[in-house]
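What follows is the residue order along each chain.
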Amino acid sequence: METSKVYTGENAKLLLQGKEYNLPIMIGSEKEVGLDITKLRADSGAITVDSGYGNTGSCLSAITFIDGERGILQYRGYPIDELAAKSNFVEVAYLLIFGHLPTKAELDDFNFKLTHHSLIHEDMKKFFEGFPPTAHPMGILSSMVNSLSAFYPEFDYKTDLEINIARLIAKLKTIAAFSYKKSIGQPYIYPQNHLSYSGDLLNMMFAVPSEEYKINKVVEEALDLLLILHADHEQNCSTSTVRMVGSSEANLFASISAGICALWGPLHGGANQEVLEMLEHIRADGGDYKKYMNMAKDKSSGFKLMGFGHRVYKNFDPRAKILKASADKVLGQLGKSDPLLDIAKNLEEIALKDDFFIERKLYPNVDFYSGIIYRAMGIPTNMFTVMFALGRLPGWIAQWKEMRETPGTRIYRPRQIYTGATKRAHAPIDKR
Ligand code: ACO
């Protein structure tokens, strides 16, 4: 949809301190309505205030559509459940970044690049040695991605973008796996070109030189599914960070590195780690999930039910629905029963019937189940958010690319309502 076609030609009227202002009305391709306030400050001196940006559109985007009320998530027009059933992660990454599902030739070319650029410069291995064993892998991941800008400095946007996109996607899984191997003190396993993206990631994480490692197909498929489900989620905290940093024309690697830091937080991507830690805590405390349910409802307890609630999904998170089925399949195939899954299911069952959660429209989000599946795969808790970052990478790249290629993009620079001291005289400190 062309930018000019978003404007309906009609205006909303704002009455402000006795004067009327016209705010052009915009309608998106899925009929979402917006008011263009870009000229409001110049015309009236007023700004709009929207703490947490819950009501602010920061851009026009053709990548991902979410209708939180109806539980809809679509990448480039394709419903998430169809992509999950019919495509693999590499195809979805291509779709998000380049706007269409690849032809066979395009896919072959993309796969070729993703495999032939998966090695990291041997000098980068030295960086891993510098981190203490206690370093969180998200900190390592973000540092390493930023370091890529030193190995692939200044690039020409037109000629080098595609190759740098492939480099980043290819190398992120190597960096992720190496940071895991470093944390457990095992030798690095190098990428192998004949494996799928998800299979190679599993191999680099779990193979050891002395034994043959056989990739479990169900696990490989479940990992691919998780990556697809996390691949984009429009203007969330980390994606907005990538756009924010990229709006200053910082390079791709620096912008993505900032996005990884934003994802790390427990209220965002870090929630999958928090979910597991919460479930483990409940189990260690005797498994009395009802007690924790009551604590979640009592604000004074400061306890939140991690993995519940979402800024945009107010009925159900479509990704959580798909993952719930996947969790059962993976655990069944691996022959694992997990007491944490039982606690999770009990919490979910109560929450779905409880007025506190119903009134506030709090439903399990994607992180509620992803942690359980990662755990069954043998992925340690502190790597969960890294897995999320691997999945989200194509979305970040697509959003960064879209921003850079949108004519008229300005540096992101919100305003504020100042509430501090008004001008006052400076009295020097008496230092005698
Ligand atoms: N447990 C208990 N109460 C909750 C929870 C929760 N997990 N989440 C929200 N609430 C309550 C709030 O206290 C608030 O109650 P009130 O209206 O009585 O004051 C109400 O529900 C609305 O919550 P907000 O915090 O205003 O919702 P917001 O949209 O700002 O936050 C968020 C969304 C951050 C996801 C929040 O629900 C949360 O902290 N959830 C737990 C963390 C989590 O799972 N994050 C992962 C998000 S998904 C992702 O990033 C991939």
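Use the structure listed above.
Residues numbered from 1 in each chain as written. Predicted model: local features only at pLDDT ≥ 70, side-chain atom pairs only at ≥ 80, totals over all residues. Heavy atoms only, no water.

Looking at the nonpolar core
Counting residues in each nonpolar core, the largest one holds 115 residues, and the members touching the most others are Ile256 and Leu279. The biggest single contributor to this core is helix α19 (residues 384-405), with twelve residues. The contact partners of Leu279, leaving out residues within four places of it in the chain, are Leu340, Ile343, Ala344, Leu347 and Ile372. (Core = buried A, V, L, I, M, F, W, Y, C linked by side-chain atoms within 4.5 Å. Buried < 20%, exposed > 50% of the residue type's maximum accessible area, 1.4 Å probe, protein only. Helix = DSSP H or I, 4+ residues; strand = E, 2+ residues; numbered from the N terminus. Contact = heavy atoms within 4.5 Å.)

Looking at the pairing of strand β1 (residues 7-16)
Bridge count for β1 against strand β2 (residues 19-27) is seven bridges, and the pairing is antiparallel. Across the sheet, the residue bridging to Leu16 is Lys19, located in β2. A loop of two residues connects β1 with β2, the two strands running antiparallel in sequence, and Gln17 in this loop sits at a positive phi of about 45°. (Pairing = 2+ DSSP bridges.)

Some thoughts on empty space enclosed by the protein
Here the structure, examined in full by the defined rule, presents one cavity of 30 Å³ or more. The computed volume of the largest cavity comes to approximately 50 Å³. Around the largest cavity, the lining residues are Phe131, Pro132, Pro133, Ala135, Pro137, Ile140, Ser179, Lys182 and Ser183. Elements supplying a minimum of two residues to the lining of the largest cavity: α7 (137-151) and α8 (157-184). At three residues, α8 tops the list of elements feeding residues into the lining of the largest cavity. (1 Å grid on protein atoms, 1.4 Å probe; cavity = no way out; pocket = protein on both sides within 12 Å on 5 of 7 lines; lining within 4 Å. Points joined across faces, edges and corners; volume = space filled by probe spheres on them.)

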